[in-house]
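Chain and residue survey
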Amino acid sequence: MSTLVANRIVKTFNVKRGGKTSELRAVNDVSLTVAPGEIVGLVGESGCGKTTLSRIMIGIETATAGEITYDGRPVKSRADWRDLRRSVQYVFQDPFTALCPTMRIGDALAEPLAIHNICPPAERKARVIRMLEMVGLHADVARRLPNQLSGGQRQRVNLARALMLEPKVLICDEIVSGLDVSVQAQVLALLIELQERLGLSLVFISHDLRVVRYLCSRVLVMYMGEVVEQGAVEAVFDNPQHTYTQALLAAIPDHSRLTAAAS
Ligand SMILES: Nc1ncnc2c1ncn2[C@@H]1O[C@H](COP(=O)(O)OP(=O)(O)OP(=O)(O)O)[C@@H](O)[C@H]1O
Ligand SMILES: [Mg+2]
């Protein structure tokens, strides 16, 4: 039932430095299972491979080794990936680059329906309006361009766009990191509401460990392309085993208060 699995994923990039090409192992033998309705956190310092792994999980990037399975079936052919992209959607780190600057919001939201040809053209507009309302935006937003929206509104539009195909899994990559703190809280509240209402599974990638603790039931800690620690969020955050996780947690200004408040 809509379980998404990354199985022993490896990704290497060839990088040129000073005229010489060398191999960079961005993801090194990482496995991740997302069960139906589950919220899994993915944390680790910048460059540890979180985005690369998630891009592989929806087929934007191809793995050097390992495989993705969905519903117990390996995702291999182009048709498999097309099917997967209806069920698994990615919400980008940067709402500015995620939306085409010259496309009206309504058209941007209708586009996935046209691509997958799943809703009669006459019904698309109504579906776009319904989705805008679901993410807390007024129907008028459909006529606007991305630069006529605030950052928070843009990230709501991104969520709406990801939800147009009624996916089962959302991969959220730093979706609130570019926003003001008060707007972050609103977008996160919306995410939680949508997750519960639609029974979504989430992969939640974030630098903000406080939010990860609040939102996720399970967490994976990546370090230099590898998962160094994983488990229930309370277990990992209250009793980190790996020195890197300990360092990551110690860097939160009031982590001791956070754990005290949670216990
Ligand atoms: N297309 C690419 N070509 C070469 N190297 C890449 C490419 N994409 C990513 N990398 C490298 O792979 C490593 C992992 O990058 P990735 O973007 O997955 O990290 P991340 O954990 O998402 O970081 P951040 O928290 O900053 O978003 C980095 O060293 C990065 O420079
Ligand atoms: Mg990233």
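Residues numbered from 1 in each chain as written. Chains lettered and ligands numbered in written order. Predicted model: local features only at pLDDT ≥ 70, side-chain atom pairs only at ≥ 80, totals over all residues. Heavy atoms only, no water.

1. Remarks on the site of ligand 1
We count it as follows: Summary of the distance rule: residues count as near a molecule or strand when at least one heavy atom falls within 4 Å of that molecule or strand. Polar contact is the term for a pair of N or O atoms within 3.5 Å; when the atoms are in protein, one must be able to donate a hydrogen and the other to accept it, and sequence-neighboring residues count only if both atoms are side-chain atoms. In these tables, accessible area is a Shrake-Rupley quantity obtained with a 1.4 Å probe, and a residue counts as shielded only by the protein chains included in the view. What counts as a helix is a DSSP run of H or I of at least four residues, what counts as a strand is a run of E of at least two, and both are numbered from the N terminus. Lys, Arg, Asp and Glu make up the charged group, whereas Ala, Val, Leu, Ile, Met, Phe, Trp, Tyr, Cys and Pro make up the nonpolar group; the residues left over, Gly among them, are polar.
The environment of ligand 1 is made up of 14 residues, and the closest members are Ser46, Gly47, Lys50, Thr51 and Thr52. In this structure, Thr51 approaches ligand 1 through a side-chain N or O atom, which is 2.8 Å from an oxygen atom. Measuring from an oxygen atom of ligand 1, one finds a side-chain N or O atom of His207 at 3.2 Å. When isolated, ligand 1 has an accessible area of 630 Å², and the protein chains bury 65% of it. Contributing elements (two or more residues each) for the shell around ligand 1: β1 (4-17), β2 (20-34) and α1 (50-57). In terms of residue count, α1 provides more of the shell around ligand 1 than any other element does, three residues in total. Here the shell around ligand 1 is built from residues that sort into five nonpolar, seven polar and two charged.

2. Here's the deal with the packing of aromatic side chains
Condition: Pairing of aromatic rings covers Phe, Tyr and Trp, the last counted by its six-membered ring, and requires centre-to-centre distances within 6.5 Å; plane angles under 30 degrees mean stacked, over 60 mean edge-to-face, and any other angle means tilted.
Within this structure, the stated rule accounts for two aromatic pairs. With 4.8 Å between their ring centres and 80° between their planes, Tyr90 and Phe92 make a pair best called edge-to-face.

3. Observations concerning the pattern of salt bridges
The condition that has to hold: Salt bridge, as used here, is a side-chain nitrogen of Lys or Arg placed within 4 Å of a carboxyl oxygen of Asp or Glu. Working definition: with a 1.4 Å probe on protein chains only, accessible area under 20% of the residue-type maximum means buried, over 50% means exposed, and in between means partly exposed.
This structure, assessed with the given rule, holds nine salt bridges. For Glu38, the salt bridge goes to Arg218, with nearest N and O atoms at 2.7 Å. One end of the pair, Glu38, is in the loop between β2 and β3 (39-43); the other, Arg218, is in strand β9 (residues 218-223), and 180 residues separate them in sequence. You can call Glu38 buried: its relative accessible area is 16%.

4. Quick notes on the sheet that holds β3
Using the following cut-off: Only strands joined by at least two bridges in the DSSP assignment are considered to pair. Simply put, an axis is a line fit to the C-alpha atoms, just over the touching stretch for a helix, and the angle between two N-to-C directions goes from 0 to 180 degrees.
Strand order across the open sheet formed by six strands is β6-β7-β8-β3-β9-β10, with mixed pairing between neighbours. Either end of the sheet is taken by a strand with one partner, and the two such strands are β6 (88-91) and β10 (226-232). Averaged over neighbouring strand pairs, the angle between their axes works out to 15° when direction is ignored. Bridge count for β9 against β10 is six bridges, and the pairing is antiparallel.

5. Topic: helix α4 (residues 105-116)
Counted only if it meets this: The contact criterion used throughout is that any non-hydrogen atoms of two residues lie within 4.5 Å.
Turning to α4, its buried residues number three or more, namely Ile105, Gly106, Ala108, Leu109, Ala110, Pro112 and Leu113. Its buried side turned inward, α4 meets α5 (121-134) and α6 (151-163). Positioned one or two residues after α4, Asn117 has a phi angle of 50°, which is positive.

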